[in-house]
Amino acid sequence: MTGAAALQRWWPWVPLLVLVLLPVGIRETFYLDLLMTTFMYAAITLGWDIMGGYAGYVSLGTVGFYGLGSYAGALLLLRFNIPVFVSAPFIGVLCSLVGAGLGWIALRTRAAAFVIVTLTFTSIVQLLALNLKGLTNGSSGLYMPLLTLPNNLILLPFYYYMLALLVFAYFVSRAIRGSKFGLGLIAIREEEEKAEGLGVDTSLYKILAFAISVFFACVAGALRAQYLNYVDPDIAFDLFITLSPIVMALVGGRGTLIGPLLGAFLVQPLSQYLVFLLPSSVAGQLHLVALGVVLLLVVLFMPDGIVNAYRSARAGGSGWRGRRQTAPPAEAAP
Amino acid sequence: MNGQLLAQSLVLGILTGGLYGLTSVGLSLIFGIMRIINIAHAALIVLGSYLALALFRSFGLDPLLSILLLIPFFLLLGGAIQWGILDKLSSKDLTLTVLATFGVAIIVEGLQGAIWSSTYVSIRTPYSLSSVQVAGLYIPVVRVMAGLASFVLLAAVFVLLYRTNLGRAIRATTQNRTAAQLVGVHAGFVTTVAFAAGLAMAGAAGPLLGMLYSFYPATHWLLIGKLLAIVVLGGLGSLTGTFAAALVLGVAEQVAGVTLPLEWGPMLFYVLLFGTLIVRPQGFFGAVRRGSL
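Note that the structure is predicted; figures quoted are calculated from it, not measured. (Residues numbered from 1 in each chain as written. Chains lettered and ligands numbered in written order. Predicted model: local features only at pLDDT ≥ 70, side-chain atom pairs only at ≥ 80, totals over all residues. Heavy atoms only, no water.)

Caption draft 1: Looking closely at the overall build of chain B. Helix and strand content of chain B: 11 helices and two strands. When its helices and strands are written in sequence order, chain B yields α-α-α-α-β-β-α-α-α-α-α-α-α. Over its C-alpha trace chain B gives a radius of gyration of 19 Å, about what one expects of a compact globule, namely 19 Å for 293 residues. In terms of principal-axis extent, the alpha carbons of chain B reach across some 55 × 45 × 35 Å. (Helix = DSSP H or I, 4+ residues; strand = E, 2+ residues; numbered from the N terminus. Rg over C-alpha atoms; globule rule 2.2 N^0.38 Å.)

Caption draft 2: Examining the pattern of salt bridges more closely. All names here are of chain A. Enumeration according to the criterion identifies four salt bridges over all chains in this entry. Glu 191 is paired through a salt bridge with Lys 194; the nearest N and O atoms lie 4.0 Å apart. The class for Glu 191 is partly exposed, based on a relative accessible area of 42%. When its relative accessible area of 56% is taken as the criterion, Lys 194 is described as exposed. (Salt bridge = Lys/Arg side-chain N within 4 Å of Asp/Glu carboxyl O. Buried < 20%, exposed > 50% of the residue type's maximum accessible area, 1.4 Å probe, protein only.)

Caption draft 3: Representation of the pairing of strand β2 (residues 137-140) of chain B in the model. Residue and element names in this part refer to chain B. Of the two faces of β2, only the one carrying Leu 137 and Ile 139 is buried; Tyr 138 and Pro 140 on the other face are not. Looking at chain direction, strand β1 (residues 131-134) and β2 are connected through four bridges and run antiparallel. Note that in β2 the partner of Val 134 across the bridge is Leu 137. Linking β1 to β2, which pair antiparallel, is a turn of two residues; within it Ala 135 sits at a positive phi near 45°. (Pairing = 2+ DSSP bridges.)

Caption draft 4: Local environment of the confidence of the model for chain B. For chain B, per-residue confidence averages 89 on the pLDDT scale, and residues scoring 70 or more make up 95% of the total. By mean pLDDT, β1(B) is the weakest element of chain B at 82, and helix α2 (residues 41-59) of chain B is the strongest at 96. (pLDDT = per-residue confidence, 0-100.)

Caption draft 5: How the structure looks around the interface of chain A and chain B. Facing 42 residues of chain A, the contacting portion of chain B comprises 42 residues. For the pair chain A and chain B, the two sides together bury roughly 3700 Å², of which 83% comes from carbon and sulfur. Looking only at chain A, the three residues that lose the most surface to chain B are A:Ile116, A:Leu127 and A:Leu296, adding up to 15% of its buried area. At the boundary of chain A and chain B, one finds zero salt bridges. Elements that contribute at least two residues to the side of chain A that touches chain B include exactly α5 (84-106), α6 (111-131), α13 (239-252) and α15 (283-301) of chain A. In terms of residue count, α6(A) provides more of the side of chain A that touches chain B than any other element does, 13 residues in total. Split into classes, the residues belonging to the side of chain A that touches chain B amount to 30 nonpolar, eight polar and four charged. (Contact = heavy atoms within 4.5 Å. Buried area = accessible area lost by both parts, 1.4 Å probe. Nonpolar A, V, L, I, M, F, W, Y, C, P; charged D, E, K, R; others polar.)

Caption draft 6: Highlighting the nonpolar core. A:Leu60, A:Leu185, A:Leu243, B:Ile37, B:Ile39 and B:Phe102 are the most contacted members of the largest nonpolar core, which has 199 residues in total. The greatest single-element share of this core, amounting to 15 residues, is contributed by helix α11 (residues 202-228) of chain A. Other than its neighbours up to four places away in sequence, B:Ile37 contacts A:Ala112, A:Val115, A:Ile116, B:Phe31, B:Val98, B:Thr101 and B:Leu228. (Core = buried A, V, L, I, M, F, W, Y, C linked by side-chain atoms within 4.5 Å.)

Caption draft 7: Inspection of the packing of helix α3 (residues 63-89) of chain B against helix α8 (residues 187-212) of chain B at higher detail. Residues and elements named next belong to chain B. Where α3 contacts α8, the axes come no closer than 7 Å and their chain directions differ by 145°. At the point where α3 passes α8, the crossing takes the right-handed sense. Partitioned by chemical class, the residues of the contact of α3 with α8 number 19 nonpolar, seven polar and no charged. (Axes fitted to C-alpha atoms, helices over the stretch in contact; angles between N-to-C directions. Left-handed = near helix turned anticlockwise from the far one by under 90°.)

Caption draft 8: Quick peek at the packing of aromatic side chains. All names here are of chain A. In the structure shown here, the tally under the stated rule is 29 aromatic pairs over all chains. Their ring planes at 50° and their centres at 6.3 Å tell us that Phe 39 and Phe 265 sit as a pair that is tilted. With Phe 39 in helix α3 (residues 29-54) and Phe 265 in helix α14 (residues 258-277), this residue pair connects regions lying 226 residues apart in the sequence. Taking the relative accessible area as the measure of exposure, Phe 39 reaches 0% and is therefore buried. With 5.1 Å between their ring centres and 50° between their planes, Phe 85 and Phe 158 make a pair best called tilted. A residue pair is termed long-range when its members are at least 10 positions apart, and Phe 85 in helix α5 and Phe 158 in helix α8 (residues 156-177) qualify at 73 residues. Residue class for Phe 158 comes out buried when judged on its relative accessible area of 3%. (Phe/Tyr/Trp six-rings, centres within 6.5 Å; stacked < 30°, edge-to-face > 60°.)

Caption draft 9: The arrangement of a nonpolar patch on the surface in detail. Residue and element names in this part refer to chain A. On the surface, Leu 262, Leu 266, Leu 270, Val 293, Leu 297, Phe 301, Met 302 and Ile 306 cluster together into a nonpolar patch covering about 680 Å² of accessible area. Counting residues per element, the ones that place at least two in the nonpolar patch are α14 and α15. Inspection of the secondary structure assignment puts Met 302 in the loop between α15 and α16 (305-315). With a relative accessible area of 32%, Met 302 lands in the partly exposed category. (Patch = residues over 30% accessible without salt bridge, like charges linked within 9 Å, V, L, I, M, F, W, Y side chains within 5 Å. Areas by Shrake-Rupley, 256 points an atom, 1.4 Å probe, with all protein chains shown as cover.)

Caption draft 10: Region of the structure containing the environment of B:Leu268. All names here are of chain B. Assignment of secondary structure puts Leu 268 in helix α11 (residues 265-279). A residue is classified by how much of its surface remains accessible, and Leu 268, at 25% relative accessible area, is partly exposed. Separated by 113 residues in sequence, Leu 268 and Ala 155 place their C-alpha atoms 27 Å apart. Among residues more than four places away in sequence, those in contact with Leu 268 are Leu 249, Ala 252, Glu 253 and Ala 256.

Caption draft 11: Layout of the state of the cysteines. All names here are of chain A. Counted under the stated rule, the structure contains one disulfide over all chains. The residue that forms a disulfide with Cys 95 is Cys 218, at a sulfur-sulfur distance of 1.6 Å. Here Cys 95 is found in helix α5, whereas its partner Cys 218 is found in helix α11, with 123 residues between them in sequence. With a relative accessible area of 0%, Cys 95 lands in the buried category. Residue classification places Cys 218 among the buried positions, given a relative accessible area of 0%. (Disulfide = S-S within 2.5 Å.)

Caption draft 12: Focus on the packing of helix α2 (residues 13-25) of chain A against α8(A). Residues and elements named next belong to chain A. In contact at an axis separation of 10 Å, α2 and α8 are set at 170° when each is read in the N-to-C sense. As the angle between them shows, α2 and α8 are arranged roughly antiparallel. Contacts from Trp 13, Leu 16, Leu 19, Val 20, Leu 22 and Pro 23 in α2 reach Leu 156, Tyr 159, Tyr 160, Leu 163, Val 167 and Phe 171 in α8. The residue inventory of the contact of α2 with α8, partitioned by class, reads 12 nonpolar, no polar and no charged. (Parallel < 35°, antiparallel > 145°, perpendicular 65-115°, else oblique.)

Take a look at the structure:
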């Protein structure tokens, strides 16, 4: 193995090692919390991108699954005494099944129905959380018992669990990218009718991709509920959970492996810093405005994101498909 | 349920249905001509409510009269959004236009919260609590006014669309953009007019909804879900279908409200939305058109 190939193969482990060892040196809750939140968003963004980036279907329902995960985690703990750390992966699988059901309804037709269904799904879950008072305690929310850990260590299990979720999301996304399944999804994004004509079972592929993509938001929601020891409809259905991953994926670069990671590690710290700078009475509102403006600017001027723009600049190609190195030149060279 | 109650909810339902029609027909018009799902539609309706409230509080301007100011304002705003954002994307995929309107919705919501704070408000006019008595039924004045104003505005839009050359050009562009351009329709201009008209309908509906229900910046998420349900039920892009669906859902919501607890009302819309998508994705009322979803 040459040096370059070894670098190519092993470089993802270097930042991972740093992140694993970081809590040894850094004990400030602020930084660990920031990192943990960033891991969470990175994992959710990688998941979103399986559908939004690879298959080209935009979901506006991320927080619906996150909220479902939050409530599922809280209820399994309160009713059946199952710790969230144990139940979280199973909750993720449950959400994937729900996602498959939604996909079956929305994905037999084209993109418009999918947008509408994912958007209303959030409203439905939120309505259930508000109105099924016997189960969810309505708008008063559910309190969960604290973990029995010393105060200075209480953050660590969440830190590592979220990091593990992020690593898992990364490898799932990478495995999909390199597979026939992933190529099928990209074919769907590029030209759905042709993909179908070539024998890609487009409906099945899309449903499967959506089911996988919602897993991460759900697990993150469950973990976050335990981290806060509390869940109510406002916290569980925070608009930022839908908005931020979209902004992160677009800023970094949709349909790439590194883009969502880069986007999350850029946008989340900047977001936190912005909220810190703003007067607290309007911080949340102006944070919304800022992310909305970034979203618009990226959509208008850099829809391919940083990674794709960089790659196509290096390849001298154009557009976010610049990485297709065998693609014929779009225009004759002058 | 006795007859009196049924008649009452029928009348109220038709009045509310008119308001749903005013809001959802604009959404459907925009989808029809531009193939864009305007996620920001309800956020702009709520903006209309806030502007009417501000005008009412500052100048004592009646919400009904503020509609006359809001229509030109929203026409200009619509022109600006179309020209400055959506027109730059129209050649690209649905993905980007959805994200753009989603971004607009987020910005509008955030600005409203920063300016007017995130607490519930409502527009309380001197006649807010009075009712009219018609054939033994008591109907709140504001609901009569909102319903009638909606029907008048809707009628104006339908006259524009079905009785003028501009309207013919809009409908032609909706049906087949290339063919319309071939016979001399300036599709770009027509599209901008249609989008602006759709937003003007949203802006005009703002004060009417604001008189009936209290609102805060995030209420638009609930509203956009309802409107999209209406539009899908009516057949995405079909204007008459959307109007019919709006009336049906307006009445259904009122009738259901008699027996069902109030907080479950929105569920009716979602159930019908999902039911429609499972059984008949092209909608129930509109003409079946290829690629309508």
